[in-house]
Each structure stands twice: as structure tokens, then as C-alpha cells.
Amino acid sequence: MAACEPLNHYLRAMEEMLKQINIHSEEISSFAASDADSLEQFRIKFLGVKGLIKAMMGDMKNVPVDRKKEFGQIMNGFKNLAEEKYESEKLRIRQLGAAPRSHLDSSLPGSPMPSGSRHPVTLMRNRIVDIFQRLSFTVAEGPEIEDDWHNFTALNLDENHPARDMQDTFYLSTDPAILLRTHTSNVQIREMQKHQLPIRIICPGRVYRNETISARSHCFFHQVEGLYIDEHVSFADLKQTLYFFVKEMFGEDVKVRFRPSYFPFTEPSAEMDISCLLCKGDGCAVCKRTGWLEILGCGMVHPNVLANCGIDPEKYTGFAFGMGVERPALLKYGITDIRLFSENDVRFLQQFSGV
Ligand code: PHE
């Protein structure tokens, strides 16, 4: 009996090894590497120098001699299984890495594409310009930094003219006097100097006045001024042009009135009011209970202005008008504070997309 002891020991060791092979064969067959790391774990576990297969090969010494050949074949089969699995998974992982991996989850909501919007002042300026373009006015633009002559003197405001105080001016230098234009009338002068008559232009642009900033006024704002010069241009032409503008801009029901006024560069001069858009003329806080809103200044171009630009005032006459852009924009969009226009608050500006 005692002679059988070692043999039994060998057989038990061998059975144990066969059991292990069965279990691990299943594990190897069903293995699928999720990435290079898990494949490496697999290699270390089965095929590494301290791996399972190396250890089992070492245990071959416990297999009875007469079964060594048979067992060796089983071991080789097991080893091949692990090696083949390793190679095929290696290939698969590599192909997976090379293929463009899709990160797209088409069930996710799309990422927002915020679109820009036009500034309300630009919207209003474009509306004004558009109406006058339909009357064959063309757009003319000029410098915001201007000399004294184009901003004042040529417009019949010589050096000591009291009307210079009507517009508090930002001077950039005094000798020579360079300033930020206080109106876009400087463009009218520059166009008249070109002597290409008739002239039928509108001049939109930014202007500057040294005024206290409040909800109602700012130190810069925008204007659209107009100028029409030809032979036989009359005040009736001016009125018809502005009537057309008001109807197109504010609608058929809006009433218009002209009040006599004074500007050094026009004679006669007038201011034009429209019936209040909010209370329809009944009187409210916006129109200061008058029922009227002042929207522009106008008049017949002063003969001195024509002469200053080399145009014969005996032959040519013309009309001019000028309006602010912010005021009608406030009315149209129901905005109560002019400062909002220049604060660049995106929450404010976004409200005008699609307008
Ligand atoms: N230039 C004037 C202003 O800025 C407006 C105006 C233009 C008035 C043309 C009459 C004629 O206030």
C-alpha cells in the first residue's frame, strides 16, 4: 500500500491541474478585451513569466511518467488557446483604435447656436435710411472728428455766434480747433463742396455733445440728416418729403405739425412734431401732457451756407432736416432709458434678434 502513496499523490495533482485547465479554458474562450490594459492583464495572468501556464508547466514534474505525453498535449492545447486568444484580441483592439470612434449620442439635445442680432439703434437707422432711399436719397458719410469750419463756420455759425452754445462741444484741440462733430451736418457741407448738383443725400452717423448722461440724454447719439439741393426746391417739397417719411415710419393715423424755429443754417426753420404714439394725442407722461412729440429740425438751406460751399444761392435752393435715431427707437421698442443702448448688456440686445 505504501508504494501506492506517491502515485496517488501524482494522480491527485494531475486531476487538480486538469480541473484548473477546464475552468481557465472557459475563461480564456469567453475573454474579450475592452482595451489595451485589460489585454495586458490577460497576458500577465496566463502567459506572463509568473503566469498560470508557466506555473503549470513547472508542475508537470508531478505528472506520472506514463501520462506525461498525454498531459503534455493537453497543456500545449491550453497554452495555444491562451496565445491565440491573446493574438486575436490584440488585433481586434488595434483595429478598434484605428477606426474613427463615434462620440456622437444622437439622442442628446443639440448644442445652442446663439445668433447675433442687430442693435436697436441700427435697426431704427436702417428703417429711416430705407424710407428716404425710396425717395431716391443716397447715403453719404463723413468724419466724426471734424474741424471747426465744417462743423460750425460753413454752417453759418462764425466764431462768436451765440448758437454755438446750443451744442456743447467736445474739443480735441483748440488751435487749430478740432472737435467731435456735434451733428452730421458736416457731411452735408463736404458733399456740397463737391459741386455735383443736384444733391439728394441722407447722412446717418454718430454725433457727440458734452451733455450730462441721464435716462433721457447721452454724450453721444445718432442722427440722420437729409439734404436736397436743386433748382426750384421749395418748402412744400420739404413738407411733402417729411409727410411721406412720417406715414411710412409711424403709420397713416399719426398727425404732423410744424412749429417755427431757429437754426443758423436754415431760413426759414421749423421743428416737426408728431402726435404722441402712446396716448394718440390725449396727453401722457411721455409727451409731457402736450399730445405731441418733437422728432426733427428742418428748414430751407441758408443762402450763406450755399455760398460758403461755392453754390450759387441765386440759382439753387434746398432743404435740410435732421433727426435723432435714439428717440424714435425708444418710442418704437418701449425702452425707458437711453443708456441701455450703449451698455452692451447682451440680455438687453438679445431681445432684438428677429426684429
Ligand atoms: N443739425 C441740427 C441739429 O443737430 C438739425 C438740423 C439739420 C436742423 C438740418 C435743421 C436742418 O440739431
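In this numbering scheme, every chain counts its residues from 1 along its sequence in written order. Local features in this predicted model are restricted to residues whose pLDDT is 70 or higher, and side-chain atom pairs enter the listing and the counts only when it is 80 or higher, whereas totals over whole chains, interfaces and linings include all residues. Values reported for side chains reflect all heavy atoms of the structure, with hydrogen atoms and water molecules removed beforehand.

Caption draft 1: The site of the ligand, seen in detail. Throughout, near means a residue has at least one heavy atom within 4 Å of the molecule or strand. In the vicinity of the ligand there are 14 residues, among which His-183, Ser-185, Arg-209, Gln-223 and Glu-225 approach most closely. Here a nitrogen atom of the ligand sits 3.1 Å away from a polar atom, N or O, in the side chain of His-183. Pairs of N or O atoms are called polar contacts if they sit within 3.5 Å, as long as, within protein, a hydrogen donor faces a hydrogen acceptor (for residues adjacent in sequence, only side-chain-to-side-chain pairs). In this structure, Arg-209 approaches the ligand through a side-chain N or O atom, which is 2.8 Å from an oxygen atom. Only the protein chains shown count as cover for residues, and all accessible areas are computed by the Shrake-Rupley method using a 1.4 Å probe. Summarising the interface, the protein chains cover 91% of the accessible area of the ligand, which totals 320 Å² for the free molecule. In this text, helices come from DSSP runs of H or I with a minimum length of four residues, and strands from runs of E with a minimum of two, each type numbered from the N-terminal end. Looking at the shell around the ligand, the elements that each hand over two or more residues are strand S6 (220-230), strand S9 (292-301) and strand S10 (317-324). Tallied by class, the residues present in the shell around the ligand amount to 5 nonpolar, 7 polar and 2 charged. Residues were grouped as follows: Ala, Val, Leu, Ile, Met, Phe, Trp, Tyr, Cys and Pro as nonpolar; Asp, Glu, Lys and Arg as charged; and all remaining residues, including Gly, as polar.

Caption draft 2: Looking closely at the pattern of salt bridges. Salt bridge, as used here, is a side-chain nitrogen of Lys or Arg placed within 4 Å of a carboxyl oxygen of Asp or Glu. What the rule picks out here adds up to 16 salt bridges. For Glu-141, the salt bridge is made with Arg-125, and the minimal N-O distance between the two is 3.7 Å. Placement of Glu-141 in the loop between strand S1 (138-139) and strand S2 (145-147) and of Arg-125 in helix H5 (residues 120-133) is noted, with a sequence separation of 16 residues between them. On the basis of relative accessible area, Glu-141 is assigned to the exposed category, the value being 58%. Three exposure classes are used, based on accessible area relative to the maximum for each residue type with a 1.4 Å probe and protein chains only: buried under 20%, partly exposed in between, and exposed over 50%. On the accessibility criterion, Arg-125 (26% relative accessible area) is partly exposed. Glu-271 serves as the salt-bridge partner of Arg-259, at 3.4 Å between the closest nitrogen and oxygen. Residue Arg-259 is found in strand S7 (residues 256-263), and its partner Glu-271 is found in strand S8 (residues 266-275); the two are separated by 12 residues along the sequence.

Caption draft 3: Molecular detail of the nonpolar core. Formed by 44 residues in total, the largest nonpolar core has its most connected members in Ile-128, Phe-132, Phe-245 and Phe-321. Put simply, the parts of the chain that give this core at least two residues each are H5, S6, helix H8 (235-250), S8, S9, S10, helix H10 (326-333) and helix H11 (346-349). Any two residues whose heavy atoms approach within 4.5 Å are treated as being in contact. When sequence neighbours within four positions are dropped, the list of residues in contact with Ile-128 reads Val-224, Phe-245, Met-249, Met-323 and Val-325. The criterion is simple. A nonpolar core is a set of buried Ala, Val, Leu, Ile, Met, Phe, Trp, Tyr and Cys residues joined through side-chain atoms within 4.5 Å. Counting 23 residues, the second largest nonpolar core, distinct from the first, contains Phe-152, Leu-179, Leu-306 and Ala-320.

Caption draft 4: Representation of the pairing of S9 within the structure. With 8 of its 10 residues buried, S9 lies for the most part within the structure. Pairing between S9 and S10: 5 bridges, direction antiparallel. From the neighbouring strand, Gly-299 faces S10, where its bridge partner is Ala-320. Paired strands, as defined in this entry, are two strands with at least two bridges between them according to DSSP.

Caption draft 5: Just the side chain of Asp-273, in detail. Here Asp-273 is to be found in strand S8. Filtering out sequence-adjacent residues up to four positions away, Asp-273 remains in contact with Lys-255, Val-256, Arg-257, Arg-259, Trp-292, Leu-293, Glu-294 and Ile-295.

Caption draft 6: Representation of the domain arrangement of the protein within the structure. According to the domain assignment, the protein contains domain 1 (4-98) and domain 2 (120-352). The split of the chain into domains comes from an automatic or database domain assignment. Put simply, the middle of domain 1 and the middle of domain 2, counted by C-alpha atoms, are 93 Å apart.

Caption draft 7: A look at the packing of aromatic side chains. By convention, a stacked pair of Phe, Tyr or Trp rings (six-membered ring in the case of Trp) has centres within 6.5 Å and planes under 30 degrees apart, an edge-to-face pair has planes over 60 apart, and any other such pair is tilted. Within the structure shown, the criterion is met by 17 aromatic pairs. Centre to centre, the rings of Phe-137 and Phe-321 are 6.4 Å apart; their planes meet at 65 degrees, and the pair counts as edge-to-face. Separated by 184 residues along the polypeptide, Phe-137 in the loop between H5 and S1 and Phe-321 in strand S10 bring together distant segments of the chain. Comparing Phe-137 with Phe-321, the two get one shared label, buried. A connected cluster of aromatic rings, assembled from ring pairs, spans Phe-132, Phe-137, Tyr-228, Phe-245, Phe-250, Phe-319 and Phe-321.

Caption draft 8: Highlighting the packing of H5 against H10. It is at 9 Å that the axes of H5 and H10 come closest, and there the two elements cross at 105 degrees. When the interaxial angle is binned, H5 and H10 end up roughly perpendicular. On H10, the residues that touch Pro-120, Val-121, Leu-123, Met-124 and Arg-127 of H5 are Glu-326, Pro-328, Ala-329, Lys-332 and Tyr-333. Of the residues contributing to the contact of H5 with H10, the split by class is 7 nonpolar, no polar and 3 charged. Convention adopted: a line fitted to C-alpha atoms gives each axis, helices being fitted over their contacting stretch, and angles between N-to-C directions are expressed from 0 to 180 degrees. Roughly parallel here means an angle under 35 degrees, roughly antiparallel means over 145, roughly perpendicular means 65 to 115, and every remaining angle is called oblique.

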